[in-house]
Amino acid sequence: MGGDTVQTAVRNAPLLECLAGKVHPTPPMWMMRQAGRYLPEYRALRAEKGGFLELVYDSPSAAEITLQPLKRFEMDAAILFSDILIVPYAMGQNLQFLVGEGPHLSPTLVDHALESLVPAHERLDAIYETVRLVKADLAPEKAFLGFAGSAWTVATYMVNGEGSKDQHATRAYAYRDPQAFQVLIDAIVDLTITYLIGQIDAGVDAVQIFDSWSGSLSPAQFERWVIAPNARIAAAIHEARPGIPVIGFPKGAGEKLAAYARETGVDALGLDETIDPVWAAANIPAHMPVQGNLDPLALLAGGEQMESAVRHIIRTFEGRPHIFNLGHGILQQTPIEHVHALLTLVKQGA
Ligand code: CP3
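The rules we used
- Residues numbered from 1 in each chain as written.
- Predicted model: local features only at pLDDT ≥ 70, side-chain atom pairs only at ≥ 80, totals over all residues.
- Heavy atoms only, no water.
- Buried < 20%, exposed > 50% of the residue type's maximum accessible area, 1.4 Å probe, protein only.
- Helix = DSSP H or I, 4+ residues; strand = E, 2+ residues; numbered from the N terminus.
- Arc of directions from axis to C-beta.
- Contact = heavy atoms within 4.5 Å.
- Expected span 1.5 Å × (residues − 1).
- UniProt positions renumbered as here; feature names shortened; annotations may be inferred.
- Salt bridge = Lys/Arg side-chain N within 4 Å of Asp/Glu carboxyl O.
- Polar contact = N/O pair within 3.5 Å; in protein donor to acceptor, adjacent residues only side chain to side chain.
- Near = heavy atom within 4 Å.
- Areas by Shrake-Rupley, 256 points an atom, 1.4 Å probe, with all protein chains shown as cover.
- Lys, Arg positive; Asp, Glu negative; His and termini not counted.
- Pairing = 2+ DSSP bridges.
- Axes fitted to C-alpha atoms, helices over the stretch in contact; angles between N-to-C directions.

To continue, consider helix H8 (residues 168-176). Considered for burial, the residues of H8 that qualify are Thr-170, Tyr-173 and Ala-174. Along H8, the residues classed as buried sweep out an arc of 100° about the axis, all on the same side. Residues of H8 that are exposed and point over 90 degrees away from its buried face: His-168, Tyr-175 and Arg-176. Those residues of H8 that are buried are in contact with helix H7 (151-160), helix H9 (178-202) and helix H10 (219-240).

Quick look at helix H15 (residues 336-348) now. Spanning 13 residues, H15 covers 19 Å between terminal C-alpha atoms, matching the ideal 18 Å at 1.5 Å per step. Residues of H15 that are buried make contact with helix H2 (40-49), helix H4 (59-72), strand E8 (290-294), helix H13 (296-301), helix H14 (303-316) and strand E9 (322-326). Positive phi appears at Gly-349, one or two residues downstream of H15, with a value of about 80°.

So, on to the UniProt feature "binding site: substrate" (unreviewed entry) in the chain. Residues annotated in UniProt with the feature "binding site: substrate" (unreviewed entry) correspond here to Arg-33, Gln-34, Ala-35, Gly-36, Arg-37, Asp-83, Tyr-157, Ser-212 and His-328. An extended arrangement is adopted by the annotated residues: their sequence extent is 296 residues, and the largest C-alpha distance between any two is 23.0 Å. With respect to the element layout, Ser-212 can be found in the loop between strand E5 (206-211) and H10. We classify Ser-212 as buried; its relative accessible area is 17%. Beyond its immediate chain neighbours, meaning those up to four positions away, Ser-212 contacts Thr-153 and Lys-251. In this fold, His-328 is placed in the loop between E9 and H15. In contact with His-328, not counting residues within four places along its chain, are Met-32, Phe-249, Lys-251, Glu-273 and Pro-296.

Under the criterion given, the structure shown has twelve salt bridges. One salt bridge in this structure joins Arg-232 and Asp-190, with 3.2 Å as the shortest N-O distance. With Arg-232 in helix H10 and Asp-190 in helix H9, the pair connects residues that are 42 residues apart, well separated along the chain. With relative accessibility at 41%, the residue Asp-190 sits in the partly exposed group. Two residues, Arg-241 and Asp-201, come together in a salt bridge whose shortest N-O distance is 2.7 Å. Note that Arg-241 is positioned in the loop between H10 and strand E6 (246-250) and Asp-201 in helix H9, a separation of 40 residues in sequence. If you follow the salt bridges from partner to partner, you end up with Arg-11, Lys-135 and Asp-205 in one network.

Further remarks concern the side chain of Glu-17. Relative to the helices and strands, Glu-17 resides in helix H1 (residues 14-19). On the basis of relative accessible area, Glu-17 is assigned to the buried category, the value being 15%. Within the structure, Glu-17 has its side chain in polar contact with the side chain of His-24 (distance 3.0 Å). When sequence neighbours within four positions are dropped, the list of residues in contact with Glu-17 reads Val-10, Arg-11, Asn-12, Lys-22 and His-24.

We now examine the site of the ligand. In the region of the ligand, 22 residues are neighbours, and Arg-33, Tyr-42, Arg-46, Asp-83 and Ser-212 sit closest. In this structure, a nitrogen atom belonging to the ligand sits 2.7 Å away from a side-chain N or O atom of Asp-83. When the ligand is considered free in solution it has 860 Å² of accessible area, and contact with the protein chains removes 87% of it.

Okay, the side chain of Asp-83 next. Structurally, the position occupied by Asp-83 is in the loop between strand E1 (77-79) and helix H5 (86-91). Within the buried set, Asp-83 has no salt-bridge partner at all; the shortest N-O distance to an opposite charge, 4.6 Å, is to Arg-33. Looking at Asp-83, its side chain comes within polar contact range of the main-chain nitrogen of Leu-85, at 3.0 Å. Every residue in contact with Asp-83, bar those within four places of it in the chain, is listed here: Phe-52, Phe-97 and Phe-147.

On to the sheet that holds E5, then. With respect to topology, seven strands assemble into an open sheet ordered E1-E4-E5-E6-E7-E8-E9, the strand pairing being parallel. Both edges of this open sheet fall to E1 and E9, since each of them pairs with a single strand only. Going from strand to strand, the sheet's axes swing by 25° on average, the running direction of each strand aside. The pairing of strand E7 (residues 268-270) with E8 spans two bridges and is classified as parallel.

Have a look at this one:
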């Protein structure tokens, strides 16, 4: 993939062309968490079905939610409605989403209880069904993105049982018993490869690896727990399903992004809002598509601050393949008119 292989036949969908290295006059666009709580139609369906996990496991509802933002906005891609924690659930942990508290996994793996889990891979089947339903309804010029969490980010939830501020328990475990932690990482990588190939075979066009907590690792630990496992995932996808782009999104990686871009083999790079576009333009290989990186808080605020930030991003990435996105998920309180204003601005090419 990347700039050298633009000749590969790519469906006439701007976002897929961009991932194959084509530069558009205006960047294609989607938003992380574009299907979610800022949309009243999402909140209504969630209230009807009872909760987040109930939605994910009701494939017709999950497909409807995946498509909700495309009915309202001219997004260039749909992203599968699911969650990165479906992988630990399929590895046999219990998963609950408690309102106002976020996710809970049990038992926690801080004491290497991986062997005690009873795998439940059939928990992936409903997700593949959602992909098939969306694919049947999606216009061909729209890209369809699948995803998984990175092994490191998923491990932080599996070890600790819930989110934490600095992933302390998991970072400590990785130092205390690197062999045992490696076994866990390898198990997550193996199932993630199976899961992403399953999503591809059911109909997604590209996959994104969300590495939300990669920022908390020191450089050597970043090499071992972020770069190496992601390289294994990217290589396995390229080998098994050639031509399917992999987007890596190592949030918080800062200047370690350059090594991530060079060493993981991902085809495109997601940038969070803390990355200076000028730095990225200078330090990320010019053929590599970049995605991002408006601060979700700038979108929440709207107005002139947002407009100048959008123009700066678009101008800085002019001349290279760029997918416009936020630096992280859209916030629940974001007014829908601000999303309309953003789309108008991006489609004008700022
Ligand atoms: O981008 C998308 O719209 C695709 C769907 C998607 C969701 N979660 C839906 C979701 C994706 C790609 C994710 C990724 C995810 N999930 C990450 C990595 C990206 C990131 O946001 O950092 C992480 C760390 C998770 C785990 C997770 N899921 C947490 C911590 C939470 C609770 C916090 C929160 O934002 O609500 C969730 C719940 C979740 N996942 C919701 C959605 C739409 C909210 C559910 C609801 O209350 O209705």
